[in-house]
Amino acid sequence: KLILLDSLLQEIKLEISIHATTAFNPCNNIMILPRRYRTTILKLIIAIPILWIIVMMFFYTDKKSTDKSSKSEASGSKPQAEARIQELDTNNIDKKTDEDSDVKSVKKDSEVEGPGVLIPPRDPDGPGELGKPVKIDKPDKATKEKIDKGWQDNAFNQYVSDKISVHRTLPDPRDDWCKAESRFLPNLPPTSVVVCFHNEAWSVLLRTVHSILDRSPEHLIDQIVLVDDSSTMDHLKEELDEYMAQYPKVKVVRAPERVGLIRARLMGARYVTAPVITYLDSHCECTEGWLEPLLDRIARNKTNVVCPVIDVIDDDTLEYHYRDSGGVNVGGFDWNLQFNWHAVPDHEKKRHSHTAEAVRSPTMAGGLFSIDKEFFERLGTYDSGFDIWGGENLELSFKTWMCGGTLEIVPCSHVGHIFRKRSPYKWRSGVNVLRRNSIRLAEVWLDDFKKYYYDRIGHDLGDFGDVSSRNKLRSDLQCKSFQWYLDEIYPELFIPGEAVASGEIRNDWSEQCVDSAAKREDLHKAVGLWPCHNQGGNQYWMLSKQGEIRRDEACLDYAGSDVILYPCHGSKGNQYWVYNHHDSSIRHGSSRRCLAISTKKDKLLMEDCNMENPRQRWKFQNYDPSKEEKS
C-alpha cells in the first residue's frame, strides 16, 4: 500500500516538471495546469486520506493480535499440551502438536508440564480448587488401570493429583486471632526449606514446592533444598533439574545411593545457608500465612522447636481437611515408643488466653518442623546411627526438652499432608530398622524407663551399634533426666512401673493369651486371642491401680456384649476389673461376671463366675501384691 502511494507521487512530480514551462503565464505570474493534471491532483487529494486510513487499520490489527497473544501467554490460558508419559484426558488432547514446544518455552508464567501431568488452566472452579475433593465416578477400563497404577506407585491417588493444578487454591484455616495486625515480629529470620523425596509423583512434588513459593514472603525463603534420595524414576532426574532451573531459590541435590529419610535430611542440612531450617515432606501443601508464625516463635527464643498444625489431605480425593485452633492436638508416645496424638491437657490450656497461641507438646510427629540451625547442631542433629527412618522424631523431642529447649505446636500455622496407609517403597529385608533405632533411643535417653520398652519386645535387643558418642553428647549438654521429663512435660503418661500386674494374660487350659494390636483402628472392636508366645507386643497388658486392663491409652471395656477395646477414660464403670491372683479370676466390676474363653478357644466371653471352670482362669505374667495393697 505504501509502495503504490509513493509510485503515484513520483509520476505526478515527473509530469509537472515536464509541462511546467508551457503552462506558465508571465503576465500574471499564474501557473496554469492542463485539465488532465488538475483531475490527477483531485484524485490524489481524495486517495491519500483513504490510503492512510487503510494503513492505520493494518497496524492496529497487527498490534491487537500481538497484545492478545502476549496476554494469553501471561495468564496461562494457552492450549493444553499432552503430557510426555501418559495422556490423562483424551477428550481434550488427542495428539501432540507443535504447541508442545511453545508450552515449554513459557513454563515460568503458566501451569507446569511434566511426566504424567495434564496442564490444567488456571480456573478458579477447576478440579481441587479451594481444597475441594476430586472424585472419579465410574471410570472406564483404561482410566481404572491408570488409577490403580498411581495407587501402586505412590499409595495415594496420583491420577486425581495429576488433574489438579500445582498452584491450586486452598482455604485459609487460620483463626482471626492469627491475622491481627502486628501479631508477629517485623524482622523475622529467613529459612531454608529442606524437602527429601524418593520416587515422588511429579504433580505432588511440584505442588509442594509451589505452595512454599506461592504462600511465603519472598524475603523469608532463603532457599528450597530438594534432596533426591536416589530416585529411579526418569521424571525426577534431568527433567526435574530443567524445570527447577527457572527458580533460583530451588536447589536439587542428589544422594549417590539410597540412604533413607534420616541421612537424606542430614545431607540437606549441609546445604542450608539460612539461620533456620524447616523440614517438610514431599507430599505437602502450605496454606496462606504458614511460615511467619513458626519463624516468630524462633525469633523470640532460638531454643523453640516449632511444628505447624498438620492438616489431612485425603489420599483418594485430595480434599483438604482442617479444623480451627479448638481442635488442635499435641504429640505423645506409648511404651512401644510409637508416636501418638492426644488432646491438649488441662494444665496446658490454663497457660493460655486463646486457643490459637502456641502450645507445648511432649513430642513431635517429625515430618514438618522448624528449628534454629545452631540449636539443631548443638543438640547433635539426628543420630547418624539411626537407619532409614523411625524413632528420630522421639529422639529430637526428648533431647529438645531435656537439653534446654521447648517443643511447640503453632495453631496459626497450617500445612496439609497426604497421610498414606502404607509405604510404597521397598527396603532390604532382614533388619527391623524401627526396632534398632528405638533401642538406640532408649539406651541414650530413657534411663531406667527403657525396661518398659524392652518388656514390649521380649528384651531382644540384638546389635544396635555403638551409642557412646550419643551418651557423651547428653553428658556434655548436661541434659535433665527422663524422670524430670515425665514429671514436668508428660505427667499424663501411664507408667508401667505403677501397674499392679503386667505382661501376658494367659489361660492355661487353652494355652491362649489375650491378644490385640491395640492400634487406633482396633478401638471399639472385640479383643482377640492368640497362642501365647512370650514376646510381649500384642500380648502385653497392664493392670492399673484403678482396675484398668490397658495397653497405653486403650482399655478393656465390657458393656454387655463383647469385650472390646475402648479409649481409657479413668472413670471405672465398664473399664473396672478385679484381678485375683490366688484363684486366677478376672471379674468385671459392674456386671460381676467373669472373663472366660469359649469352648472352641476362639473368643473371649463374659460368664457367671465359676471358680471350678478352667476356661475362667487367667494369670498375669507379672504381679506385685504390694502395689495392690496400696491401691
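Above this note sits the structure.
Read on for an overview of the structure.

So, how was this worked out
Residues numbered from 1 in each chain as written. Predicted model: local features only at pLDDT ≥ 70, side-chain atom pairs only at ≥ 80, totals over all residues. Heavy atoms only, no water. Helix = DSSP H or I, 4+ residues; strand = E, 2+ residues; numbered from the N terminus. Buried < 20%, exposed > 50% of the residue type's maximum accessible area, 1.4 Å probe, protein only. Contact = heavy atoms within 4.5 Å. Areas by Shrake-Rupley, 256 points an atom, 1.4 Å probe, with all protein chains shown as cover. Pairing = 2+ DSSP bridges. Disulfide = S-S within 2.5 Å. Phe/Tyr/Trp six-rings, centres within 6.5 Å; stacked < 30°, edge-to-face > 60°. Lys NZ or Arg CZ within 6 Å of the ring centre and 35° of its normal. Core = buried A, V, L, I, M, F, W, Y, C linked by side-chain atoms within 4.5 Å. Polar contact = N/O pair within 3.5 Å; in protein donor to acceptor, adjacent residues only side chain to side chain. Salt bridge = Lys/Arg side-chain N within 4 Å of Asp/Glu carboxyl O. Lys, Arg positive; Asp, Glu negative; His and termini not counted. Expected span 1.5 Å × (residues − 1). Arc of directions from axis to C-beta.

Overview of the overall build of the protein chain
- Helices and strands together make up the secondary structure of the protein chain, namely 17 helices and 26 strands.
- Of all 631 residues assigned to the protein chain, the portion counted as buried reaches 50%.
- Intrachain contacts of the protein chain at a sequence separation of at least 6 include 73% that bridge at least 24 residues.
- Total accessible area on the protein chain is roughly 31,200 Å²; 50% of this is exposed by carbon and sulfur atoms.

A closer look at the pairing of strand β3 (residues 191–197)
- With 7 of 7 residues buried, β3 lies mostly within the body of the structure.
- Judged from the 7 bridges that link them, β3 and strand β4 (residues 221–228) form a sheet pairing that is parallel. Counterpart to C196 in the pairing with β4 is V227.

Things to note about the state of the cysteines
- Scanning the entire structure with this criterion turns up 5 disulfides.
- One disulfide bridge connects C178 with C412, the sulfur atoms lying 2.1 Å from each other. Every disulfide takes its handedness from the sign of the S-S torsion; for C178 and C412 that torsion is -85°, giving left-handed. Here C178 is found in the loop between α5 (158–163) and β3, whereas its partner C412 is found in strand β14 (residues 406–418), with 234 residues between them in sequence. Taken as a pair, C178 and C412 share a single burial class, namely buried.
- In this model, C555 is linked to C568 through a disulfide, with the two sulfur atoms separated by 2.1 Å. Across the S-S bond linking C555 and C568, the dihedral sits near 100°, which makes this disulfide right-handed. Residue C555 is located in strand β20 (residues 554–558), and its partner C568 is located in the loop between β21 (563–567) and β22 (577–580); the two are separated by 13 residues in the primary sequence.
- By sequence-ordered numbering of the bonded cysteines, the protein chain has its disulfides arranged as 1-3, 2-4, 5-6, 7-8, 9-10.
- Cysteine C286 remains unbridged, with the sulfur of C284 as its closest cysteine sulfur at 6.7 Å.

Description of the packing of aromatic side chains
- Under the criterion given, the structure shown has 22 aromatic pairs.
- An angle of 65° between the planes, with centres 5.9 Å apart, marks the rings of W202 and Y243 as edge-to-face. One end of the pair, W202, is in helix α6 (residues 202–214); the other, Y243, is in helix α7 (residues 238–244), and 41 residues separate them in sequence. Here the two residues W202 and Y243 agree in accessibility, since each one is buried.
- Ring geometry for Y279 against Y382: centres 6.3 Å apart, planes inclined by 50°, an arrangement best described as tilted. With a gap of 103 residues between them, Y279 in strand β6 (residues 276–280) and Y382 in the loop between α11 (373–378) and α12 (392–402) connect regions that are remote in the sequence. No difference in accessibility class separates Y279 from Y382, as the two residues are buried.
- Put simply, the rings of F333, W335, F398, F449, Y452, F482, Y485 and Y490 pair up and form one aromatic cluster.
- A cation sits over an aromatic face here: R551 above W541, 4.3 Å from the ring centre.
- Positioned above the aromatic ring of Y576 is the side chain of K572, whose terminal nitrogen or guanidinium carbon lies 5.0 Å from the ring centre.

A closer look at the nonpolar core
- F333, W335, F369, F398, W445, F482 and Y485 are the most contacted members of the largest nonpolar core, which has 61 residues in total.
- Not counting the four nearest positions on each side in its chain, F369 is found in contact with R265, I277, T278, Y279, V305, V306, C307, P308, M364, Y382 and L396.
- V193, L280, I298 and V415 belong to the second largest nonpolar core, which has 37 residues in total.

Details of the side chain of H210
- Relative to the helices and strands, H210 resides in helix α6.
- A polar atom in the side chain of H210 sits 2.6 Å from the side chain of Y243.

Examining the pattern of salt bridges
- Throughout the structure, instances matching the rule amount to 26 salt bridges.
- Close ionic contact of R265 with D281 constitutes a salt bridge, the shortest N to O distance being 3.5 Å. Taken together, the residues R265 in helix α8 (residues 260–269) and D281 in the loop between β6 and β7 (284–286) connect sequence positions 16 residues apart. The same class applies to R265 as to D281, namely buried.
- With a shortest N-O distance of 2.7 Å, R506 and E511 are connected by a salt bridge.
- Put simply, D172, R174 and K179 are held in one network by salt bridges that share partners.

Considering the side chain of E357
- With respect to the element layout, E357 can be found in the loop between α10 (346–349) and β12 (359–360).
- Here E357 occupies a buried position and makes no salt bridge, while the nearest side chain of opposite charge, R183, is found at 6.7 Å.
- At 3.0 Å, the side chain of E357 forms a polar contact with the side chain of H352.
- Ignoring sequence-local partners within four residues, the contact set of E357 consists of W177, H352 and P411.

Quick word on helix α4 (residues 141–154)
- If you check α4, its first and last C-alpha atoms are 20 Å apart, about what 14 residues at 1.5 Å a residue would give, namely 20 Å.
- Every buried residue of α4 is listed here: T143, I147, G150 and N154. The arc enclosing the buried residues of α4, seen along the axis, measures out at 60°, which places them on a common side. With respect to the buried face of α4, the exposed residues turned more than 90 degrees away are K141 and Q152.

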